[in-house]
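Survey of secondary and tertiary structure
If you want the building blocks of each chain, they are given just below.
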Amino acid sequence: MNIGIACYPTFGGSGVVATELAKNLAKNGHNIHMMSYSRPARLDTLETGITYHEVSINSYPLFDYPPYALALASQMVNLIEYEDLDLLHVHYALPHATSAYLAKQIMCERGVTVPIITTLHGTDITLVGRDPSYKHVVEFSIDKSDGVTAVSEYLKRETYENFEIQQDIEVIPNFIDLDRFQKSNKSHFKKAICPNDEKVVVHVSNFRKVKRVPEVVSVFAKILESGIKSKLLLVGDGPDRQKAEQQCRDLGICDHVRFLGKLDQVEEVLSIADLFLIPSGSETFGLAALEAMSCSVPVISSNIGGLPEVNVHGETGYLCDLDDVECMANYGVKILSDPELHERMSQNARKHAATFKQEEVVKQYENFYEKVRERMGSKV
Ligand code: GMT
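Report follows, based on the coordinates. (Residues numbered from 1 in each chain as written. Predicted model: local features only at pLDDT ≥ 70, side-chain atom pairs only at ≥ 80, totals over all residues. Heavy atoms only, no water.)

Things to note about the nonpolar core
Proteins that are soluble and globular tend to have nonpolar side chains buried together. Threshold: Among buried residues, those of type Ala, Val, Leu, Ile, Met, Phe, Trp, Tyr and Cys that are joined through side-chain atoms within 4.5 Å constitute a nonpolar core. Only protein chains enter the calculation, and the probe is 1.4 Å; a residue is then buried if its accessible area is under 20% of its type maximum, exposed if over 50%, and partly exposed in between. Boundary definitions for the domains trace back to an automatic or database domain assignment. Working rule for contacts: check all heavy atoms of both residues, and any pair within 4.5 Å makes them a contact.
Ile32, Met34, Met76, Val202 and Phe276 are the most contacted members of the largest nonpolar core, which totals 90 residues. When residues are assigned to domains, this core turns out to be shared by domain 1 (2-175 + 358-375) and domain 2 (187-356), each giving three or more. For Met76, the residues in contact, after removing those within four places along its chain, are Ala6, Met35, Leu88, Val90, His96, Ser99, Ala100 and Ala103. Ala221, Ile228, Ala244 and Ile300 belong to the second-largest nonpolar core, a separate cluster that totals 30 residues.

Side note on the site of the ligand
Selection rule: Here a residue is near a molecule or strand as soon as one of its heavy atoms is found within 4 Å of it. Counting of polar contacts relies on pairs of N or O atoms within 3.5 Å, with two restrictions inside protein: one atom must be capable of donating a hydrogen and the other of accepting it, and residues adjacent in sequence are counted only when both atoms are side-chain atoms. For accessible areas, the Shrake-Rupley method is used with a probe of radius 1.4 Å. Any residue's cover is judged against the shown protein chains and nothing else. Residue classes follow a fixed rule: Ala, Val, Leu, Ile, Met, Phe, Trp, Tyr, Cys and Pro count as nonpolar, while Asp, Glu, Lys and Arg count as charged, and any other residue, Gly among them, counts as polar.
The ligand sits among 17 residues. The nearest are Ser14, His121, Thr123, Arg208 and Glu283. Contact between the ligand and Thr123: an oxygen atom at 2.5 Å from a side-chain N or O atom of the residue. Out of a free accessible area of 480 Å², the ligand has 93% covered by protein chains. Considering only residue class, the shell around the ligand consists of 5 nonpolar, 10 polar and 2 charged.

Brief notes about the packing of aromatic side chains
Keep this limit in mind: Working definition: rings of Phe, Tyr and Trp (its six-membered ring) pair if their centres are within 6.5 Å, and the pair is stacked with planes under 30 degrees apart, edge-to-face with planes over 60 apart, and tilted otherwise. By the criteria applied, helices consist of DSSP H or I runs no shorter than four residues and strands consist of E runs no shorter than two, each listed in order from the N terminus.
With the rule as written, the count across this model stands at 7 aromatic pairs. With a centroid separation of 5.3 Å and an interplanar angle of 85°, the aromatic rings of Tyr8 and Tyr92 are classed as edge-to-face. A residue pair is termed long-range when its members are at least 10 positions apart, and Tyr8 in the loop between β1 (2-6) and α1 (14-27) and Tyr92 in the loop between β4 (87-91) and α3 (93-109) qualify at 84 residues. Between Tyr318 and Tyr331, the aromatic rings sit 3.9 Å apart at their centres with planes inclined by 10°, giving stacked as the arrangement. Here Tyr318 is found in strand β13 (residues 317-320), whereas its partner Tyr331 is found in helix α13 (residues 325-337), with 13 residues between them in sequence. For Tyr318, a relative accessible area of 6% puts it in the buried group. Ring-pair connections join several aromatic residues into one group, and the members of that group are Tyr8, Tyr37, Tyr68 and Tyr92.

Some points on helix α6 (residues 153-162)
Our working definition: Directions from the helix axis toward the C-beta atoms define the arc.
Looking only at α6, the buried set comprises Tyr154, Leu155, Glu158 and Thr159. Down the axis of α6, the smallest arc covering the buried residues is 135°, so these residues share one side. On its buried face, α6 sits against β5 (116-120), α4 (123-126), β6 (147-150), β7 (169-171) and α12 (307-310).

Some words on unusual backbone geometry
Residue Pro95 follows Leu94 across a cis peptide bond; omega there is -5°. Secondary-structure assignment places Pro95 in helix α3. Unusually for a residue other than glycine, Asp197 sits at a positive phi of about 55°. Here Asp197 lies in the loop between α7 (187-193) and β8 (199-204). Look at Asp197 and you get exposed, because its relative accessible area is 60%.

Digging into the state of the cysteines
Here is the rule we go by: Two cysteine sulfurs form what is called a disulfide whenever their separation falls within 2.5 Å.
According to the stated counting rule, one finds 1 disulfide in the structure shown. Here Cys320 pairs with Cys327 through a disulfide, and the sulfurs are 2.2 Å apart. Taking the sign of the S-S torsion, about -75° here, the bridge from Cys320 to Cys327 comes out left-handed. Cys327 matches Cys320 in its accessibility class, with the two residues each being buried. With no disulfide partner, Cys254 has as its closest neighbouring cysteine sulfur the one in Cys248, 5.3 Å distant.

Quick look at the sheet that holds β5
Threshold: The pairing criterion for strands is at least two bridges between them, as found by DSSP. Note on geometry: axes are lines fitted to C-alpha atoms, helical ones only across the stretch in contact, with angles between N-to-C directions running from 0 to 180 degrees.
The 7 strands are arranged β3-β2-β1-β4-β5-β6-β7 in an open sheet whose pairing can be described as parallel. At either margin of the open sheet sits one strand with a lone partner, and together these are β3 (50-54) and β7. Strand-to-strand twist in this sheet, taken as the mean axis angle between neighbours without regard to direction, amounts to 25°. In the sheet, β4 pairs with β5 via 4 bridges, with the strands oriented parallel. Bridge pairing in β5 places His89 opposite Ile117. Where α1 meets the sheet, it contacts β1, β2 (31-36), β3 and β4, and its direction lies at approximately 160° from that of β2. Against the sheet, helix α2 (residues 68-82) makes contact with β1, β2, β3 and β4, and its axis sits at roughly 160° relative to β2, the strand it touches most.

Structural data, given as structure tokens:
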């Protein structure tokens, strides 16, 4: 099939899922055309079977806010027409589902029907999408998609609770490359970071408020206080970085904390991790937790959103109530000070991650594509 994929290009979340899906679909013989306003972070320059089409947004003195959604719709029309797309799959409803709807209507006028699939990821439903300034359009565009998927049961429920959507929503979870994300020997790196064989606690995110990075620092400070020799590695960057840095200074723990910035090879850091922290205030799935688990790292997370579908309490790690720093620190100490428990949870984490194996989930997407196309009566 010729498949158009639109996504945000940024680190983490929907852009990663869309890009990894594109790579897998290309591997399975499909021709993929990706669209975004800049190259998606995980998309290499030369990727067989994938063509990247940058959406150019021409500025004009009248535009304080250049209309990206329209530029994207135009690009979609171009690709449907010139690349003969069989299907458009958009990730994150806002504004991608709306652009796709517009492109589809334009092409209908020209006698071409292209199915549109929208994958809901996160704040397109739980936050921005339901903001009154966008809600009507988001609701309409999701409902007008020919197929809708959500990355967790939680997100499906949230969508039905907050939008008037008649469409069936199919849950297709996020997925993991078990070969790439597995513990590998990084003893040089471990020695450099932990000269005294300290335990390694890791957090990976885009440091937005919702990720609760200051809480990660507070939990870690308590683990240190308990006497466990440990280091905290913070991967990523974003709005709360300075706050977290200041907090480390205030707590006097800077020597134990490393800010590593944005990294492509997260699995290298996860390979030396003993514990992963993700205390998010909102998370529809928690791809970062799944990546850690795939590298055999037990996870301590909040119990909100889709996180309980990924991290299984008492098996792959522990879940605590939102903002319960004490609970997270206590569980952290428990895991790090009991080698047997740690080993058991590491193995369980890897085993559970395997249930999100990318080959299987990509097959679910392919089956869904077929189902939608059959329903629409187009060629299979
Ligand atoms: O919605 C966001 O805040 C960003 C979003 C994205 O689409 O980049 O992240 C969401 O999608 C990820 C991939 O499906 C999920 O793993 C994250 O849990 C989810 N983030 C939130 O719900 C905050």
